[in-house]
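Listed here are the chains, written in short residue letters.
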2 protein chains.
Amino acid sequence: MTKVDDTSSGRPRGNDAAGKARTSRRGFLAGAAGLAAAGAAAPALGNPKNQPPNVADWTKALGDGVATRPYGHPSQFEKEVVRRDVQWLTASRESSVSFTPLHELDGIITPNGLCFERHHSGIAEVDPADYRLMIHGLVDKPLLFTLDDLKRFPRVNKIYFLECAANSGMEWRGAQLNGCQYTHGMVHCVMYTGVPLKVLLEEAGLKSNAKWIMAEGGDAAAMNRSVPMAKALEDCIVAYRMNGEMLRPENGYPARLVVPGWEGNMWVKWLRRIKVGDEPWFTREETSKYTDLLESGKARQFTWVMDAKSVITSPSPQVAKVRKGFTIVSGLAWSGRGTVKRVDVSLDGGRNWREARIDGPVFDKACVRFYYEFDWNGQPLLLQSRAIDSTGYVQPSKDDLRKVRGVNSIYHNNGIQTWHVKADGEVENVEVG
Amino acid sequence: MTKVDDTSSGRPRGNDAAGKARTSRRGFLAGAAGLAAAGAAAPALGNPKNQPPNVADWTKALGDGVATRPYGHPSQFEKEVVRRDVQWLTASRESSVSFTPLHELDGIITPNGLCFERHHSGIAEVDPADYRLMIHGLVDKPLLFTLDDLKRFPRVNKIYFLECAANSGMEWRGAQLNGCQYTHGMVHCVMYTGVPLKVLLEEAGLKSNAKWIMAEGGDAAAMNRSVPMAKALEDCIVAYRMNGEMLRPENGYPARLVVPGWEGNMWVKWLRRIKVGDEPWFTREETSKYTDLLESGKARQFTWVMDAKSVITSPSPQVAKVRKGFTIVSGLAWSGRGTVKRVDVSLDGGRNWREARIDGPVFDKACVRFYYEFDWNGQPLLLQSRAIDSTGYVQPSKDDLRKVRGVNSIYHNNGIQTWHVKADGEVENVEVG
């Protein structure tokens, strides 16, 4: 921010008379609509003294016209703001993950083009005309729905976070990945539109022993998970839209299951089948995967809920160095058990906590945006955040989690993240309990 | 929706023993996390009787891997869901408009790639490194901000609608355009992130006679508008993000003015200058344009607020024919004076009104989504909606508006829209007062 040597009069030349006459007649500040003589001359704004220095090239020529991009995309200057994968993480990209660039975003809505991906056999390219969803099993009448059928049922609009159970999984064994895109980027938050699953299940008619559903995807993995009926009836949605438009192919086009607050693996994409049963199916994804192996050799199973969690997205390792002076700590928090009630920030690795400012809407099982503003004097910092949710649960330290879970875990690491801000403003991922 | 002849057992083969043993031990429906022996075998889901008919091709082969599209885009099957312009509307596309495909969207968030455009000299392609915003005029210290400077000020996140004053302008003279994309598509609704203008003005220090600002864009039109200081201090934002990511070039990248509830022309894009003065500037865009010419030959001036308005987005002329049976009327409503309190729907051209269901979040000066569900028996309909806002204002009929404003107007047509649903389900734009 620079002070400008401003020699202008405070008003462009030629406006004085007309302007004063009009003002005295009408009281514009009150905001009332008034009447002026039609066709009054519009004085030109041509005083060069009023121009900022160096009129830019883009002001000197016509730009592209409308609808030269019928579907728009970001500025050429933002081309580094993309999802990224980590090539060594999995054997193939068809069974891998890409990460939301959290460090480049603000607010709570994730643009559709930047929502992280996790595929088990790549992106199924589903033709919506041939899409079918079957509901069968312990129902009175098995049903087959086309996409048009789904769109004829009453629909709801809900903003929810979706987090992969393996988000922050590498961090169980200490600071591994240098940037919140990689440590926490398996989360996104959009507005879904779809049919409450309850409505579809009631259309099929549930038998008295209907206690579980199994949701199966139309990808080559036929990804499937068991969901208890209580959750299916409570708030699950068969969604076909995200942020207003149809789902993106990588997010399950044309329809996916939304299981609010629960691990992302259950939000079955390219949803082709819901089977109703009286017991869980113990599929691969809820036995050999998505269970939490403890030190004892036993595994926690059916750990569906994503507990309260938060991360500071800026400052963070992928962002420009911190400058001295007024500094904004910005981050995201979420809880699968309800709303985020409070977020605290620590500058000293958890010894002292100060309440952050939550700004923007707070929805059940959605991300919230928090800020903490302070003057940085150049002293090194250990930046942390912790979320407190509507159940009173406080996001724990990684060490507290490890005491209970050991270090064999991959999933459900909601421990507090630490960024070390060095004296020169550089930020790195470090381990502070 | 089809009934399926389902001959399956309700549970895939091989699960019975393990499944029953586990269920009886733990009570899954209560949702409690339990412990299971690690490494338990995951039974295969291979019973062909459980498969929907015709396993699709996309289930038989690997799809594309992650991050093959680092910035994602919609399905190939959605390529008709785009902004469209009307070639004959203006002399050049650099000074024209493209329309949001409202009929293809749901919920309240507009994806960034589909937000309508209105340019006066095309899209300024601003290099963010060279971007500057000057604040000068009746201030204690004129200031020049870089984009980084703006990002160092405390920021807010707000969801607002933006409507062009000329939205529905063609409809003043009767039913002209056949589809809500064209009749009402100069509106969008996103989450903005930016600095309250008040903060920046206070940084510069307002002189006691500072009563107005003039905001000027960095496009070749140097588009500029006067805004009264009361509004500038109340809720205006210098925004640099929409839906989390940086603004799109066509929406003012890297920074624009947000003037909640007021006509879109004032939301100056590519914002380069804010001049503080004691009177309005009477620029071209608030004298020869964006005033409402009345029958008397006088013009309403400074008609900034966008009054309560609504439109049924489906059924509508660009959407597939209506089918008999359960039918969902879906639409958007908004008000520049506060929140939308209620939306009514009429099936008979305004003789009878029924209250619609508002679903999803309701924010101040943002779009809300409404639904009205009924059984259509094939009788022709005259579909209408009307919004009622928190001030008690009821969206008027077009005839009521014309009685006051005549038919010379271009701007601020918030009259009730009518869609005629014919007996065969086809929908057309018609005039019903």
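Everything numeric here is computed off the predicted structure, so don't read it as measured data.

### Overview of the overall build of chain A
- Within chain A, the regular secondary structure consists of six helices and 26 strands.
- Expressed as a percentage of its 433 residues, the buried residues of chain A come to 64%.
- If you take every contact in chain A between residues at least 6 apart in sequence, the share linking residues at least 24 apart comes to 70%.
- Working note: accessible area of chain A is about 15,100 Å², and carbon and sulfur atoms make up 50% of it.

### A word on the packing of aromatic side chains
Residue and element names in this part refer to chain A.
- Under the counting rule described, the total for this entry stands at 23 aromatic pairs over all chains.
- Seen from their ring centres, Phe 161 and Trp 334 are 6.3 Å apart, and the 45° between their planes marks the pair as tilted. Of the two residues, Phe 161 is situated in strand β8 (residues 156-163) and Trp 334 in strand β19 (residues 325-334); the sequence distance between them amounts to 173 residues. For the pair formed by Phe 161 and Trp 334, the shared burial category is buried.
- Chaining the aromatic ring pairs together yields one cluster made of Trp 212, Trp 262, Phe 282, Phe 302 and Trp 304.

### Comments concerning the sheet that holds strand β25 (residues 418-421) of chain A
Residue and element names in this part refer to chain A.
- Taken together, the five strands give an open sheet; going across it, the order is β21-β20-β24-β25-β26, and neighbouring strands pair in antiparallel fashion. Two strands bound the open sheet, and with one partner strand each, they are β21 (354-355) and β26 (427-430).
- Sheet topology note: the strand β20 (residues 340-346)/strand β24 (residues 381-389) ladder contains six bridges and is antiparallel. Counterpart to Val 340 in the pairing with β24 is Asp 389.

### Notes on the pairing of strand β11 (residues 224-228) of chain B
All names here are of chain B.
- Counted residue by residue, β11 has five buried out of five residues, so it is predominantly covered.
- Summarising the sheet, strand β10 (residues 212-217) and β11 pair through five bridges and their orientation is antiparallel. Bridge pairing in β11 links Ala 215 to Arg 225.

### Re the sheet that holds strand β23 (residues 368-376) of chain B
All names here are of chain B.
- Strand order in the open sheet made by the four strands is β18-β19-β23-β22, with antiparallel pairing throughout. At either end of the open sheet lies a strand with only one pairing partner, and these are β18 (309-314) and β22 (357-359). Across the sheet, the mean angle separating the axes of adjacent strands is 35° when strand polarity is ignored.
- Looking at chain direction, strand β19 (residues 325-334) and β23 are connected through nine bridges and run antiparallel. Residue pairing across strands places Thr 327 opposite Phe 374, the latter belonging to β23.

### Overview of the environment of Pro142(B)
- Turning to its location among the elements, Pro142(B) is positioned in the loop between β6 (133-137) and β7 (143-145).
- For the pair formed by Pro142(B) and Arg248(B), sequence separation is 106 residues and the distance between their alpha carbons is 28 Å.

### A look at the pattern of salt bridges
- Scanning the model with the defined rule gives 66 salt bridges over all chains in all.
- With a shortest N-O distance of 3.7 Å, Glu428(A) and Lys422(A) are connected by a salt bridge.
- The exposure class assigned to Lys422(A) is partly exposed, which follows from its relative accessible area of 26%.
- When the shortest N-O distance is used, the salt bridge between Asp57(B) and Lys60(B) registers 3.9 Å.
- What makes Lys60(B) exposed here is its relative accessible area of 58%.
- Through salt bridges with shared partners, one network takes in Glu171(A), Lys398(A), Asp399(A), Arg402(A) and Glu431(A).

### Comments concerning the pairing of strand β25 (residues 418-421) of chain B
Residues and elements named next belong to chain B.
- Taken together, the four bridges between strand β24 (residues 381-389) and β25 define a ladder with antiparallel strand orientation. Within β25, the residue paired with Gln 384 across the bridge is Thr 418.
- Of the pairings in the sheet, the one linking β25 to strand β26 (residues 427-430) comprises four bridges and is antiparallel in character. Following the sheet pairing, Val 421 is matched in β26 by Val 427.
- Joining the antiparallel neighbours β25 and β26 is a turn of five residues, in which Gly 425 adopts a positive phi near 90°.

### Side note on the environment of Ser385(A)
Residue and element names in this part refer to chain A.
- Relative to the helices and strands, Ser 385 is located in strand β24.
- Put simply, Ser 385 and Arg 354 are 31 residues apart on the chain and 9.4 Å apart in space, counted from C-alpha to C-alpha.
- Setting aside residues up to four positions removed in sequence, Ser 385 forms contacts with Ser 310, Val 311, Ile 312, Val 343, Asp 344, Val 345, Trp 353, Phe 370, Gln 395, Ile 416 and Gln 417.

### A short note on unusual backbone geometry
- The omega angle of the peptide bond from Tyr253(B) to Pro254(B) is 5°, so this bond is cis rather than trans.
- For Pro254(B), the location among the structural elements is in the loop between β13 (245-246) and β14 (256-258).
- The omega torsion across Ser314(B) and Pro315(B) is -5°, close enough to zero to call that bond cis.
- Relative to the assigned elements, Pro315(B) resides in the loop between β18 and β19.
- In the Ramachandran plot, Lys365(A) falls in the positive-phi region, its phi being about 55° despite a non-glycine side chain.
- Along the chain, Lys365(A) falls in the loop between β22 (357-359) and β23 (368-376).

### Structural notes on helix α4 (residues 197-204) of chain A
All names here are of chain A.
- All buried positions along α4 are accounted for by Leu 197, Leu 200, Leu 201 and Ala 204. Seen end-on, α4 carries its buried residues on one side only, within an arc spanning 95°.
- With its phi angle positive at about 85°, Gly 205 sits one or two positions after the end of α4.

### Description of the state of the cysteines
All names here are of chain A.
- Tallying each qualifying case throughout the model produces zero disulfides over all chains.
- Left unpaired, Cys 180 is separated from the closest cysteine sulfur, that of Cys 367, by 12 Å.
- Note on Cys 180: relative accessible area 0%, which makes it buried.

### Describing the side chain of Asn251(A)
All names here are of chain A.
- Tracing the chain through its elements places Asn 251 in the loop between β13 (245-246) and β14 (256-258).
- Relative accessible area serves as the criterion here: at 2%, Asn 251 is assigned to the buried category.
- When sequence neighbours within four positions are dropped, the list of residues in contact with Asn 251 reads Asn 112, Cys 115, Phe 116, His 188, Met 242, Arg 256 and Lys 269.

### Brief notes about the side chain of Arg225(A)
All names here are of chain A.
- Mapped onto the elements, Arg 225 comes out in strand β11 (residues 224-228).
- Classification of Arg 225 by relative accessible area gives buried; the value is 1%.
- A polar side-chain atom of Arg 225 sits 3.5 Å from the main-chain carbonyl oxygen of Glu 285.

### With respect to the environment of Val199(B)
- With respect to the helices and strands, Val199(B) occurs in helix α4 (residues 197-204).
- Sequence separation between Val199(B) and Lys60(B) is 139 residues, and the spatial gap between their C-alpha atoms is 58 Å.

### Looking at the confidence of the model for chain A
- When the pLDDT values of chain A are averaged, the result is 89; 88% of them are 70 or greater.
- The complex prediction reports pTM at 0.89, with the ipTM value standing at 0.88.

How each quantity is defined
- Residues numbered from 1 in each chain as written.
- Chains lettered and ligands numbered in written order.
- Predicted model: local features only at pLDDT ≥ 70, side-chain atom pairs only at ≥ 80, totals over all residues.
- Heavy atoms only, no water.
- Helix = DSSP H or I, 4+ residues; strand = E, 2+ residues; numbered from the N terminus.
- Buried < 20%, exposed > 50% of the residue type's maximum accessible area, 1.4 Å probe, protein only.
- Contact = heavy atoms within 4.5 Å.
- Areas by Shrake-Rupley, 256 points an atom, 1.4 Å probe, with all protein chains shown as cover.
- Phe/Tyr/Trp six-rings, centres within 6.5 Å; stacked < 30°, edge-to-face > 60°.
- Pairing = 2+ DSSP bridges.
- Axes fitted to C-alpha atoms, helices over the stretch in contact; angles between N-to-C directions.
- Salt bridge = Lys/Arg side-chain N within 4 Å of Asp/Glu carboxyl O.
- Arc of directions from axis to C-beta.
- Disulfide = S-S within 2.5 Å.
- Polar contact = N/O pair within 3.5 Å; in protein donor to acceptor, adjacent residues only side chain to side chain.
- pLDDT = per-residue confidence, 0-100.

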